[in-house]
Amino acid sequence: MPKHDKGSVKDLANRMKARGLQKLKFYCQMCSKQCRDENGFKCHLMSDTHLRQMKMLSENTAGVLDSFSRDFERGYVEVLRRRHGVRNRTSANGVYQEVIADKHHVHMNATKWATLSDFIQYLGKTGQCVVDETERGWYISLVERDVTKLARQELLQHRAKAEQREEGRLVKRLEAQRRHEASKPSGSTKTAEPTNLDRTALPLTVPLSLPTLDSTKPKSDKKSILPIKSIFGDDDDD
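Residues numbered from 1 in each chain as written. Predicted model: local features only at pLDDT ≥ 70, side-chain atom pairs only at ≥ 80, totals over all residues. Heavy atoms only, no water.

K.L.:
Go over the packing of helix α4 (residues 61–84) against helix α5 (residues 92–99), please, and point to the residues and values.
P.N.:
In contact at an axis separation of 10 Å, α4 and α5 are set at 110° when each is read in the N-to-C sense. The angle between the axes of α4 and α5 places the two elements in the roughly perpendicular class. Across from F72, G75, Y76, V79, L80, R83 and H84 in α4, the residues of α5 making contact are A92, V95, Y96, E98 and V99. Across the contact of α4 with α5, the residue classes break down as eight nonpolar, two polar and two charged. (Axes fitted to C-alpha atoms, helices over the stretch in contact; angles between N-to-C directions. Helix = DSSP H or I, 4+ residues; strand = E, 2+ residues; numbered from the N terminus. Parallel < 35°, antiparallel > 145°, perpendicular 65-115°, else oblique. Contact = heavy atoms within 4.5 Å. Nonpolar A, V, L, I, M, F, W, Y, C, P; charged D, E, K, R; others polar.)

K.L.:
So what about the packing of aromatic side chains? Which residues, and what values?
P.N.:
Applying the stated criterion across every chain, the model contains eight aromatic pairs. Ring geometry for W113 against Y122: centres 5.0 Å apart, planes inclined by 45°, an arrangement best described as tilted. Judged by centre distance (6.5 Å) and plane angle (25°), the ring pair of F119 and Y122 falls under stacked. With a gap of three residues between them, F119 and Y122 both fall in helix α6 (residues 116–125), about one helical turn apart. (Phe/Tyr/Trp six-rings, centres within 6.5 Å; stacked < 30°, edge-to-face > 60°.)

K.L.:
Can you explain the pairing of strand β5 (residues 137–142)? Please cite residues and give values.
P.N.:
Of all six residues making up β5, five are buried, and the element is well covered by its neighbours. Sheet topology places strand β3 (residues 90–91) next to β5; two bridges connect them, and they run antiparallel. The residue of β5 that forms the bridge with T90 is I140. Inspection of the sheet shows strand β4 (residues 129–134) paired to β5 by six bridges, in the antiparallel sense. The partner of V130 across the bridge, within β5, is S141. Connecting β4 to the antiparallel partner β5 that follows it, the hairpin turn spans two residues. (Buried < 20%, exposed > 50% of the residue type's maximum accessible area, 1.4 Å probe, protein only. Pairing = 2+ DSSP bridges.)

K.L.:
I'd like a rundown of the sheet that holds β4, residues and numbers included.
P.N.:
Read from one edge of the open sheet, three strands run β3-β5-β4, paired in antiparallel fashion. For this open sheet the edge positions go to β3 and β4, each flanked by a neighbour on one side alone. Here α4 sits on the sheet in contact with β3, β4 and β5, set at roughly 75° to β5.

K.L.:
Give me the lowdown on the environment of E98, citing residues and values where you can.
P.N.:
Within the secondary structure, E98 is located in helix α5. Residue class for E98 comes out partly exposed when judged on its relative accessible area of 25%. Along the backbone, E98 and R83 are 15 residues apart, and their C-alpha atoms lie at a distance of 9.3 Å. For E98, the residues in contact, after removing those within four places along its chain, are V79, R83 and H84.

K.L.:
Explain the side chain of H44 to me, and be specific about the residues and the numbers.
P.N.:
Among the structural elements, H44 can be located in helix α2 (residues 38–45). On the basis of relative accessibility, which here comes to 7%, the residue H44 falls in the buried class.

K.L.:
So what's going on with the packing of α4 against α6? Which residues, and what values?
P.N.:
Contact geometry of α4 with α6 gives a least axis separation of 12 Å together with a crossing angle of 75°. As the angle between them shows, α4 and α6 are arranged roughly perpendicular. Of the residues in α6, those touching α4 at F72, E73, Y76 and V77 are L116, F119, I120, Y122 and L123. Counted by class, the contact of α4 with α6 contains eight nonpolar, no polar and one charged residues.

Here's what the structure looks like:
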């Protein structure tokens, strides 16, 4: 069947139908393609593109399954961290509804978990979340696993322990000095006593030595006069 012209009424109607979430049973995870009805899904299953993807799946089933599982886990935890924060208790099903609101999310039927309960229990076993089951369903709270924050906390704890050790060594050193001073005999220790200032020992006059001028040398204020030579040569006086 030929495609309708872009911008036509039928094309716009098809685009509006394709918006939002469609039925999960008509979605192909390997090809990331959503079909609107059963007829379209059957046509997609017989297409060459889908057959090539299924051939790749049959050659590496475990690898593809693990890849989809990691993507689903990463997306779920990211939504939980961004929208609900750390250590905030929230409904696991509510977080799942926020995840599947994205049209191109990884569907759970393409992962290694059959149900949402299995996935929530997996998060609890791996230590990523604190999970508890109630009458209203599963509730989870995210555990902080940021590498930067964990490294900073570890650094602060290491610094606090180092300061405690240094303080303990200082206390022991002071205690050893106190015991050492207490073990000395009383006669061997000399106490410093204040004394009066003896001003008689200080010199009353301070000798000064200034340079003197030599008055024997005559002072000459006259400047020496140099003889002037004539440019016309030496003339004899008559």
